[in-house]
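Here's the letter readout for the chains.
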Amino acid sequence: MEWLKERGEGSVEEISGYYLFWFTGKPDLHVKDQWPLKRLIMEGTRGRILQLMVMGVLLGATVPGHRAIQTPGYDDTSTPEILNPSWMATIPDVYSLSDVTMPGTHNTMALYGGTLAECNSWSLALQLRAGIRFLDIRVRHAKGNLTIHHGISYQYAHFGDVLMDVVAFLREYPSETVLMRLREELSNTQDIYNAVVRYINEYAHWDLLWHSREMPSMVAARGKLIVLQDFTGPDLGIRYNSLDIADDWKVSSLQPEEVEKKWRSVSTHLEAAAVGNKNRMFLTYSSGASILAHPNALAQLINPRLHEYLTGYVGQRKRFGIVAMDFPGAKLVQTIIGFNY
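Residues numbered from 1 in each chain as written. Predicted model: local features only at pLDDT ≥ 70, side-chain atom pairs only at ≥ 80, totals over all residues. Heavy atoms only, no water.

Here the phi dihedral of K143 falls at roughly 55 degrees; this positive angle occurs in a residue that is not glycine. Tracing the backbone through its elements, the reader meets K143 in the loop between β4 (134-142) and β5 (145-150). Although it is not a glycine, Q190 adopts a positive phi angle of roughly 55 degrees. Within the element layout of this structure, Q190 appears in the loop between β7 (178-184) and α6 (193-203). Looking at Q190, the relative accessible area reads 56%, which means it is exposed. (Helix = DSSP H or I, 4+ residues; strand = E, 2+ residues; numbered from the N terminus. Buried < 20%, exposed > 50% of the residue type's maximum accessible area, 1.4 Å probe, protein only.)

Below, the structure is given as structure tokens:
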């Protein structure tokens, strides 16, 4: 605990064997400094609430002096440099949606909360216009309300905001379709179905949805929101777990061997998608995180490798399925789209 006291930025309190560090000044949490805080979280075994409070401090932490970066593979600025709002228009109607290669974002709405919580910097409206077609939406269920969270970090939005953006986009670009993984986050009611239906009826409309577990053709999918249902209840769309998914998100650090392990998971699954059953949708997450590997830091290492790997296949029509990323660069998004032509 002396390490924290010496920083002179806060105070340490012991409560029933648990240690809490309260910041009183702006924290300076560089990656190399974070292992003592990780130890704080692990010291107690009896208090999940206090553990979450410490995590709240970490999720709210920012790295001073950060400057926005925009490269072909990685972008944490507010505006993508290239827009592809109607790229699905030229995909033949007869194609199965599972045969389409499309870019997506992991934890799509995670725009706030500090470097451990933030996974994207473009608004949902801009993500859709940049060409993103897979959304990863996490809702907290409390008293019938569905607010958007990444862990305990509230994202200043609710599920209705997501639906309104999707409706507006599909009205403007009816040639497109949007896939949405939807799951419960932070709360554990395991009963969000009725709330989801209420929000759809209030902020969208019932016919917006693809109401089948079956994989649609491109013509059937146009103008539709396809829910990839990651919760219990009657069918609202395609069951998320019916997809072939690689989501090895636990990356313990930014050490080269850990980053390489993550990259092998990504590249192996992309290769499997290229030769796999065209009637089954493949989903590969290039994202990952831990207290020593924040999403933006890992994305700056993985996204350029992903861009280089995919660039090696440019000019070929290949099926890579859905590629879900943190902080994707617009040129990486465009490269993924290009495999459909």
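Further remarks concern the side chain of S98. Tracing the sequence through the fold places S98 in the loop between α3 (48-59) and β3 (102-105). Only 2.8 Å separates the side chain of S98 from the side chain of S96, close enough to count as a polar contact. (Polar contact = N/O pair within 3.5 Å; in protein donor to acceptor, adjacent residues only side chain to side chain.)

Another aspect to go through is helix α5 (residues 159-172). The first and last C-alpha atoms of α5 sit 20 Å apart over 14 residues, in line with the 20 Å expected at 1.5 Å per residue. Looking at α5, one finds that the buried residues are F159, G160, V162, L163, V166, V167, F169 and L170. (Expected span 1.5 Å × (residues − 1).)

Quick look at the nonpolar core now. Ranked by size, the top nonpolar core spans 76 residues in total, and within it I137 and F159 carry the most contacts. With seven residues, the top contributor of residues to this core is α5. When sequence neighbours within four positions are dropped, the list of residues in contact with F159 reads I137, V139, L146, I148, M180, L182, V196 and Y199. (Core = buried A, V, L, I, M, F, W, Y, C linked by side-chain atoms within 4.5 Å. Contact = heavy atoms within 4.5 Å.)

What follows deals with a nonpolar patch on the surface. Residues Y112, Y154 and Y156 make up a contiguous nonpolar surface patch of about 360 Å² in total accessible area. Within the element layout of this structure, Y154 appears in strand β6 (residues 153-158). (Patch = residues over 30% accessible without salt bridge, like charges linked within 9 Å, V, L, I, M, F, W, Y side chains within 5 Å. Areas by Shrake-Rupley, 256 points an atom, 1.4 Å probe, with all protein chains shown as cover. Salt bridge = Lys/Arg side-chain N within 4 Å of Asp/Glu carboxyl O.)

Glancing now at the pattern of salt bridges. In a structure, side chains of opposite charge can pair up when their charged atoms sit close to one another. Throughout the structure, instances matching the rule amount to 15 salt bridges. Of the charged contacts in the structure, one is a salt bridge between R239 and D235, with a shortest N-O distance of 2.7 Å. Among the residues examined, R239 registers a relative accessible area of 19% and is labelled buried. For R280, the salt bridge goes to D244, with nearest N and O atoms at 3.7 Å. Here R280 is found in the loop between α8 (256-275) and β11 (282-285), whereas its partner D244 is found in strand β10 (residues 244-246), with 36 residues between them in sequence. Three or more residues are tied together by salt bridges with common partners; here these are D136, R138, R181, R183, E185 and D230.

This part takes up the pairing of β3. Of the two faces of β3, the one lined by M102 and G104 and the one lined by P103 and T105 are each fully buried. As paired elements, β3 and strand β12 (residues 322-325) share four bridges and run parallel to each other. Across the sheet, residue M102 finds its bridge partner in β12, namely I322. (Pairing = 2+ DSSP bridges.)

Turning next to the packing of helix α9 (residues 295-311) against helix α10 (residues 330-338). Two numbers describe how α9 lies on α10: the axes approach to 10 Å, and their chain directions differ by 35 degrees. The element α9 and its partner α10 pack so that their crossing is left-handed. When α9 is examined against α10, the residues N303, L306, H307, L310 and T311 are found in contact with a partner set consisting of K331, L332, T335 and I336. Grouping the constituent residues of the contact of α9 with α10 by class yields four nonpolar, four polar and one charged. (Axes fitted to C-alpha atoms, helices over the stretch in contact; angles between N-to-C directions. Left-handed = near helix turned anticlockwise from the far one by under 90°. Nonpolar A, V, L, I, M, F, W, Y, C, P; charged D, E, K, R; others polar.)

Before going further, it helps to examine the packing of α5 against α6. Following both chains from N to C, one finds α5 and α6 inclined at 45 degrees, their axes separated by 9 Å at the closest point. Of the possible angle classes, the one that applies to α5 and α6 is oblique. In this structure, the crossing between α5 and α6 has a hand that is right-handed. Packed against α5, whose contacting residues are F159, G160, L163, M164 and V167, the element α6 presents V196, Y199, I200 and Y203 at the interface. For the contact of α5 with α6, the per-class residue count stands at eight nonpolar, one polar and no charged. (Parallel < 35°, antiparallel > 145°, perpendicular 65-115°, else oblique.)

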